[in-house]
Amino acid sequence: MVRQVREVMTDQPLGVGPGTTVQQVATVMRDENIRAVLVLEGSRLRGLVTDRDLTVRILADGGDVTGRTVAEACGSELVTVAPDDDVDRAVHLMRSKELRRLPVVDDGQPVGIIALGDLVAERDPASAPGRTGAADPGA
């Protein structure tokens, strides 16, 4: 049975503004035990920033990170899925674009995040994410 993204996504994702400092978002990620947050300008999705983005795009540059923002850490290409899309579409996009997480957008508004861990749990309930009952919180 083909499932829809809405059935496996993490809903109510955390969002921050593009001017949020990397230190602030890293603290939120730590405190909320999440690995990704949406970057929003008002209600418009501008990007997705992950803990890996912070490491590779900001910390790896060295030097003082004070004042560096999540806008600097976001990837340049924003790939999304809709809640009514088949899970297979999300899998295809993740494979072809080499992504671990995708924002879920409904009628132009962000409504969730689907993570590789969500898909692993969906496809293989005996996997580690499947046994815990959910994938990585907050994707």
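Here's what I pulled together on the structure shown here. If you're wondering where the values come from, they're calculated on a predicted model, not measured in any experiment. (Residues numbered from 1 in each chain as written. Predicted model: local features only at pLDDT ≥ 70, side-chain atom pairs only at ≥ 80, totals over all residues. Heavy atoms only, no water.)

### Side note on the pairing of strand β6 (residues 109-115)
Phase 1: Of all 7 residues that make up β6, 5 are buried, and the element is covered over most of its length.
Phase 2: Relative to β6, strand β1 (residues 10-11) is paired through 2 bridges, and the arrangement is antiparallel. Within β6, the residue paired with D11 across the bridge is G112.
Phase 3: As paired elements, strand β5 (residues 101-106) and β6 share 6 bridges and run antiparallel to each other. What sits directly across from R101, in β6, is A115.
Phase 4: Between β5 and β6, which follow one another and run antiparallel, lie 2 residues, and D107 among them has a positive phi close to 55°. (Buried < 20%, exposed > 50% of the residue type's maximum accessible area, 1.4 Å probe, protein only. Helix = DSSP H or I, 4+ residues; strand = E, 2+ residues; numbered from the N terminus. Pairing = 2+ DSSP bridges.)

### Observations regarding the sheet that holds β1
Phase 1: Across the sheet, which stays open at both edges, the 3 strands sit in the order β1-β6-β5 with antiparallel pairing between neighbours. Strands at the two margins of the open sheet, each flanked by one partner only, are β1 and β5.
Phase 2: Most of the contacts of helix α4 (residues 87-97) go to β5, to which it runs at about 135°, and overall it touches β5 and β6. (Contact = heavy atoms within 4.5 Å. Axes fitted to C-alpha atoms, helices over the stretch in contact; angles between N-to-C directions.)

### Observations regarding the environment of L54
Phase 1: With respect to the helices and strands, L54 occurs in helix α2 (residues 51-58).
Phase 2: A relative accessible area of 7% means that L54 is categorised as buried.
Phase 3: For the pair L54 and A26, spaced 28 residues apart in sequence, the C-alpha to C-alpha distance is 7.9 Å.

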